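Structural characterization, general
Now for the letters of each chain:
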Amino acid sequence: MRKPYIAGNWKMNLTPSQAAKLAKELAEALKGSTTKVMIAPSFVSIPAVMKAVKGSDIIVAAQNMNDHENGAFTGEVSAEQLLDLGVKDVILGHSERRHIYGESNELINAKVLFALKNGMNVDLCVGETLDERESGNLEKVLTDQISIGLKGVGKEAMEHITIAYEPVWAIGTGKTATPEDADAAHAIIRGLIEKLYDKSVAEDLIIQYGGSVKASNVKALMAKENIDGALVGGASLSTEKFLPIVQFDK
Ligand code: PEP
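A few words now on the pattern of salt bridges. Enumeration according to the criterion identifies 13 salt bridges in this entry. Put simply, D198 and K155 hold a salt bridge, and the shortest N to O gap is 2.7 Å. Separated by 43 residues along the polypeptide, D198 in the loop between α8 (179–196) and α9 (199–204) and K155 in the loop between α7 (138–149) and β6 (161–165) bring together distant segments of the chain. The class of D198 is partly exposed, set by a relative accessible area of 22%. Between E180 and K224 there is a salt bridge, and its shortest N-O distance comes to 3.3 Å. Placement of the pair is E180 in helix α8 and K224 in the loop between α10 (215–222) and β8 (229–232), with a sequence separation of 44 residues. Residues joined by salt bridges that share partners form a network here, namely R2, R190 and D228.

What follows is the structure in C-alpha cells.
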C-alpha cells in the first residue's frame, strides 16, 4: 500500500521570515495528518523553516544540490551542508533546473548518486515538453530521463527514491494534465521501473504528479491508480491553498 505523499516546492519565493510563518501554520494545521508532507523552501530559508516545523512530521527538503563534496563551486550547496542543517531530502531534476539551467540527465544522475551516497532521499522530477508530447516522444523522453537519471542506483536504494512526473507544459501554466493522461504517464513510469528493477520495486514506488495541482483538481488526480501524490508549486505558497491539497481525502 503506497502512502500518499504531497510536496510543496516553494521555488524562489518567500523570505526566510515569510517561509517560517507558513511552515509554522502548516505544522499546526497538519497535526495528526496521515499524509506524508514535504516542503522545499529556498536554501536561505531552510534553518528558519526547520525550526518552525520542529516536532511535526513535515519533511523539509532542498530544491537542488551539487554533486561534489565541497570546493570551488561558487553559488552551490553541498550534501554535507544540508545534512548539517538536518535536511535529508532533496528535489533533483526539476524542469526549471533542466530547462533554465541546462541540467542534463547525466548531471542529474550524478546528483542522485551523490545524494544516495550521503543517505538522502531523492524526489526525481521527470516530464516532457509540449513539443515532445505532440511529436509522440513521451515514452522516449521518460525512458531517457529515468534510465539515465537512475543509472547505478541499486534495487535496495529505490526505497529512497520518489519520482515526480511533471509535464513541463503544465508547470506554472494553469494547465493540468487530465487525470487520465497523468495516470497513463505514471503507468509508463511504473512499467519502466519494473523493467529496470522488478515488480515489487515498481509497486512500491511513489509517483507524484506535478503541474498546476490545486484544491479543485487534486481529488480526481489522486483517485487514479498510479498517482500516489503531488508536487505542488504555486498552490503550496499559502496555507489556504496548500492545506486542502494535503487534505484531499477529507
Ligand atoms: C512545480 O514547480 O513542481 C510545479 C508543479 O509548479 P505548479 O504547481 O505551480 O505548476
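Moving on: the site of the ligand. In the neighbourhood of the ligand, 14 residues make up the surrounding shell, with K11, E166, G172, S212 and G233 lying closest. Contact between the ligand and H94: an oxygen atom at 2.9 Å from a side-chain N or O atom of the residue. Contact between the ligand and G234: an oxygen atom at 2.8 Å from a main-chain N or O atom of the residue. Here the ligand, which alone exposes 290 Å², has 96% of that area covered by the protein.

For the rest of this paragraph, the subject is unusual backbone geometry. Negative phi is the rule for most residues except glycine; trans is the rule for most peptide bonds. One non-glycine residue, K11, lies in positive phi territory at about 50°. Within the element layout of this structure, K11 appears in the loop between β1 (5–9) and α1 (16–29). The residue L14 is not glycine, and still its phi comes out positive at about 75°. Relative to the elements of secondary structure, L14 occurs in the loop between β1 and α1. With a relative accessible area of 27%, L14 lands in the partly exposed category.

A separate point is the sheet that holds strand β7 (residues 207–210). The strand order around the closed barrel built from eight strands is β1-β2-β3-β4-β5-β6-β7-β8, with neighbouring strands paired in parallel fashion. This sheet shows a mean twist of 25° between the axes of neighbouring strands, independent of strand direction. In the sheet, β7 pairs with β8 via three bridges, with the strands oriented parallel. Of the residues in β8, the one forming a bridge with G210 is L231. Sitting on the sheet, helix α11 (residues 239–246) is in contact with β1, β2 (36–40) and β8, with an inclination near 160° to β1.

What follows covers the pairing of strand β5 (residues 121–126). Among the six residues of β5, five are classified as buried, and the element is accordingly described as predominantly covered. Bridge count for strand β4 (residues 89–92) against β5 is four bridges, and the pairing is parallel. The partner of V90 across the bridge, within β5, is V122.

Next up on the list: the environment of S56. Of note, S56 is situated in the loop between α2 (46–53) and β3 (59–62). The spatial distance from the C-alpha of S56 to the C-alpha of I39 is 12 Å, given a sequence separation of 17 residues. A polar contact of 2.8 Å, which involves the side chain of S56, links it to the backbone oxygen of V53. Only 3.1 Å separates the side chain of S56 from the backbone nitrogen of I58, close enough to count as a polar contact.

Between α1 and α11, whose axes approach to 11 Å, the crossing angle comes to 35°. Seen along the crossing, α1 lies across α11 with a hand that is right-handed. Facing L22, E25, L26 and A29 of α1, the residues of α11 in contact are T239, F242 and L243. The class makeup of the residues in the contact of α1 with α11 is five nonpolar, one polar and one charged.

Once that is clear, we can look at the side chain of S78. Within the secondary structure layout, S78 lies in the loop between β3 and α3 (79–84). Discounting chain neighbours no more than four positions away, the residues touching S78 are M65, H68 and E69.

Turning to the packing of aromatic side chains, a few remarks are in order. As enumerated under the stated definition, the model contains one aromatic pair in all. Taking the centre distance of 6.3 Å and the plane angle of 50° together, the rings of Y165 and Y209 count as tilted. Separated by 44 residues along the polypeptide, Y165 in strand β6 and Y209 in strand β7 bring together distant segments of the chain. When its relative accessible area of 0% is taken as the criterion, Y209 is described as buried.

Calculation notes
Residues numbered from 1 in each chain as written. Predicted model: local features only at pLDDT ≥ 70, side-chain atom pairs only at ≥ 80, totals over all residues. Heavy atoms only, no water. Salt bridge = Lys/Arg side-chain N within 4 Å of Asp/Glu carboxyl O. Helix = DSSP H or I, 4+ residues; strand = E, 2+ residues; numbered from the N terminus. Buried < 20%, exposed > 50% of the residue type's maximum accessible area, 1.4 Å probe, protein only. Near = heavy atom within 4 Å. Polar contact = N/O pair within 3.5 Å; in protein donor to acceptor, adjacent residues only side chain to side chain. Areas by Shrake-Rupley, 256 points an atom, 1.4 Å probe, with all protein chains shown as cover. Pairing = 2+ DSSP bridges. Axes fitted to C-alpha atoms, helices over the stretch in contact; angles between N-to-C directions. Contact = heavy atoms within 4.5 Å. Left-handed = near helix turned anticlockwise from the far one by under 90°. Nonpolar A, V, L, I, M, F, W, Y, C, P; charged D, E, K, R; others polar. Phe/Tyr/Trp six-rings, centres within 6.5 Å; stacked < 30°, edge-to-face > 60°.

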